[in-house]
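One-letter residues, chain by chain:
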Amino acid sequence: MRRTHLYRRRLALASALSLALAGPAMAADTDSDAQVWLEHAKDPKALAWVAQQNQRTLQAMPQAQLQDSEQRILEVLNSNQRIPYVGHIGDYYYNFWRDKDHPHGVFRRTSLAEYRKHAPKWDVLLDLDALNRSEGKSWVWKGAQCLRPDYTRCLVSLSPDGGDAVEVREYDLATRRFVEGGFHLPVAKSNVDWIDRDHIFVATTLGKDAQTQSSYPRVVSIWQRGTALEARVPVYAGRPTDMQVSASHDGTPGFERSLISVSHDFYHSQQYLLKADHSLQAIDVPEDASASPFREWLLIQTRSPWTVGGHSWPAGALLAARFDDYMAGKRELTPLFLPDAHHALANAVWTRHHLIVTVLHDVKSELLVLTPRAHGPWASSELAGAPQNSSVELVDTDPEHSDEYWMTVTGFLTPPSLERGVIGSTPPELIKQSPSFFNVDGLAVHQYFATSQDGTQIPYYLVGPRDLKLDGRNPTLEYGYGGFEVSLTPTYNPVMGREWLARGGVYVLANIRGGGEYGPAWHTAALRQNRPKAYQDFAAVAQDLIARKVTSPAYLAAMGGSNGGLLAGNMLVSYPQLYGAIVSQVPLLDMKRFVKLQAGTSWIAEYGNPDVPADWAFMQRFSPYQLAKAGQPYPATLFITTSSDDRVGPGQARAMKAKLDALGYTDMYFFESAGGGHGSGADNTETARFWALNYQFLWQHLK
């Protein structure tokens, strides 16, 4: 659940093209496997192998077509007609922007009146390209956290290569300079938050015993201005087996509170209220539930059934309590949302007096405004929704001062629009509209349901010509993720539109189990020993497309990134007869080794622990590296990753390609970008090359 009153100050505006989550960096051990040496991301021998593989992949593609594709993608990424999404902080609206003239980007702000204009005047606060020239670096923006109430000091996070490890520096917006002698953390995996002008929370992997086995921070400390980092005062130390710890401070007058968050794994955590004497009081909710305080309220979202206070609540429920009463032991909970077979909670965002709840109804967005009452149920009304087969996302609110909200409306064929409203006074008003980057004339969107192996109905979207010929000869790209409770919803993707739809392709988005499209139960249905159900779902969608003669195996491709890269790998080794080409992006592929590597424990809750024999008994059924064998009808496959990925790491993609080479396959390809971390590029040029390779590979290898 998004805690807007804290997130709003963490202005880290991510690229819409960046890939999904997985876990942190991997490091090699002394395994006897022949490919282990490739896990050393920056080892010269491994990089020489990468260079050879990159050259082979590039040489196999028509260079003129590849360059044309890159140029078309760059036109999108560098377009000044894109919507400059903003975050409302104090008196200004802030934005981070990249284009042709600012490849690394500028941090800037403007007023509401100016932002309404077609060409706003921006006040540039920090120019990363100028900074890089002056320091001889290639810093990549990772966000800024600004100190209330005047918002003149910010903690700026900069990555040296686009990875998750960042350097944190204090920046003065008034002088446009980094603060001499101010707060400064060298490059590490760190999270920080302001307490007041002279104190910040720090959780960092710097120092002895500072990180968990998952390579995230283990200790939360308070750091006072003017003292050495080593003099910071620890207030909580997690266990080495925890995934990570962090701290946040809410400075809302009358509701000031500091919270310690301890993530045991992706789905189990504990929050504590940190008192003035540094003692802790647990927020007593189930470890698999999320708890989010705001002013006098506590929101609780369940992930499994919960009986408390004489009531039983289902998984996926959203409940409210008065914070002080709850902490005092009362368990009077008000249900704000209860799921059913077709409705699931997607998000809950506060304004000053209201809560805006986003619900997915068979993967379509519906928005409700909930308003607390002195007694009894909260008032409920509809907020302006979205057209059919579209998505609505609340991108910003102003919970400190007003009931302002900003939302974006988008769909597969609908360029995003940005609307602003104020609950109770101003209806949604169109502020910005993205242009159409590809021709949608003659295209249509349909939602269908495929029947999976166990009878479960799996929704999927199909985007293609309105007069689609059902002759089995349509080049079709099936995309999925299926993990970590991540929901895939209809979204305008101008790169995919230009490079696939506009060139005659059909696009399919498969809402397979493992995601969050139908709440926690949809996710847990494909956890651990049930992980193959996600792959059965994806295969069922492919089979449905083939049965309806939308396409046929020679014309059908599969694509996925991160956990979706594992999905693509399983399609390769377990369902090769369904596909003519496969793209596996920044993937996890070797389920036997991942827990031996530095980040492995982060993913045990999702996949299992291969060092436990009972777990490996089921995990080996979905480990592409172990399942790969010679003499199979594997389709042409591209493994694409980045050297700077410190979340999943490039090693597994490298090792999988090397193993397939050793097994005698000649239609396997590999490409590794330098920057971008667990994404698609450190700048727009690198991102354009990444995506051009993806689509050119598919066009080249499908019929």
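Residues numbered from 1 in each chain as written. Predicted model: local features only at pLDDT ≥ 70, side-chain atom pairs only at ≥ 80, totals over all residues. Heavy atoms only, no water.

A.B. asks: I'm lost on the sheet that holds strand E39 (residues 668-673) in this one. Help?
C.D. replies: Sheet strands pair via backbone hydrogen bonds, and the direction of the pair is either parallel or antiparallel. Spatially, E32-E33-E35-E34-E36-E37-E38-E39 is the arrangement adopted by the 8 strands of the open sheet, whose pairing is mixed. Since the sheet does not close on itself, it has two edges, and those belong to strand E32 (443-451) and E39, each with one partner. Going from strand to strand, the sheet's axes swing by 20 degrees on average, the running direction of each strand aside. By the bridge criterion, 5 bridges tie strand E36 (residues 556-561) to strand E37 (residues 581-585) in an arrangement that is parallel. (Pairing = 2+ DSSP bridges. Helix = DSSP H or I, 4+ residues; strand = E, 2+ residues; numbered from the N terminus. Axes fitted to C-alpha atoms, helices over the stretch in contact; angles between N-to-C directions.)

A.B. asks: For this particular structure, what's the right way to read the side chain of Asn 570?
C.D. replies: For Asn 570, the location among the structural elements is in helix H10 (residues 563-574). Look past the residues within four positions of Asn 570 in its chain and what remains in contact with it is Tyr 535, Tyr 575, Arg 621, Phe 622, Ser 623, Pro 624 and Leu 627. (Contact = heavy atoms within 4.5 Å.)

A.B. asks: Explain the state of the cysteines here, please?
C.D. replies: Structurally, a disulfide amounts to a covalent bond that connects the sulfur atoms of two cysteines. If you walk through the whole model with that rule in mind, you get 1 disulfide. Between the sulfur atoms of Cys 146 and its disulfide mate Cys 154 the distance is 2.1 Å. In this structure, the disulfide formed by Cys 146 and Cys 154 twists by about 95 degrees around the S-S bond and is classed as right-handed. Of the two residues examined, Cys 146 and Cys 154, each falls in the buried class. (Disulfide = S-S within 2.5 Å. Buried < 20%, exposed > 50% of the residue type's maximum accessible area, 1.4 Å probe, protein only.)

A.B. asks: Help me understand the packing of aromatic side chains, please; the structure alone is not making it clear to me.
C.D. replies: Scanning the model with the defined rule gives 31 aromatic pairs in all. Where Phe 266 meets Phe 484, the ring centres are 4.9 Å apart and the plane angle is 70 degrees; that geometry is what we call edge-to-face. Separated by 218 residues along the polypeptide, Phe 266 in the loop between strand E15 (257-263) and strand E16 (269-274) and Phe 484 in the loop between strand E34 (476-479) and helix H7 (494-499) bring together distant segments of the chain. Take Phe 266: its relative accessible area is 27%, and that puts it in the partly exposed class. Between Phe 484 and Tyr 607, the aromatic rings sit 6.0 Å apart at their centres with planes inclined by 85 degrees, giving edge-to-face as the arrangement. Placement of the pair is Phe 484 in the loop between E34 and H7 and Tyr 607 in helix H11 (residues 604-607), with a sequence separation of 123 residues. Taken individually, Phe 484 and Tyr 607 each receive the classification buried, so the pair is uniform in this respect. Taken together through their ring pairs, the aromatic side chains of Phe 266, Tyr 267, Phe 484, Phe 594, Trp 603 and Tyr 607 make up a single cluster. Its guanidinium or amino end placed over the ring of Trp 616, Lys 592 lies 4.8 Å from that ring's centre, counting from NZ or CZ. (Phe/Tyr/Trp six-rings, centres within 6.5 Å; stacked < 30°, edge-to-face > 60°. Lys NZ or Arg CZ within 6 Å of the ring centre and 35° of its normal.)

A.B. asks: Got a minute to help me understand the sheet that holds strand E1 (residues 87-89) in this structure?
C.D. replies: Strands sit in the order E1-E2-E3-E4 across an open sheet of 4 strands; the sheet is antiparallel. The open sheet has two edge strands, E1 and strand E4 (123-127), and neither has a second partner. Here the average twist between neighbouring strands, direction ignored, is 30 degrees. Sheet topology places E1 next to strand E2 (residues 92-99); 3 bridges connect them, and they run antiparallel. What sits directly across from His 88, in E2, is Tyr 93.

A.B. asks: Would you take a moment to explain unusual backbone geometry for this structure?
C.D. replies: The phi torsion of most residues other than glycine is negative, and most of the peptide bonds are trans. That bond from Arg 148 to Pro 149 is cis: its omega, 5 degrees, falls within 30 degrees of zero. Assignment of secondary structure puts Pro 149 in the loop between strand E5 (140-146) and strand E6 (153-159). If you check the backbone angles, Arg 295 has positive phi at about 50 degrees while not being a glycine. Among the structural elements, Arg 295 can be located in the loop between strand E18 (290-294) and strand E19 (297-301). In this structure, Val 586 is a non-glycine residue whose phi angle is positive, near 30 degrees. Following the sequence through the fold, Val 586 ends up in the loop between E37 and H11.

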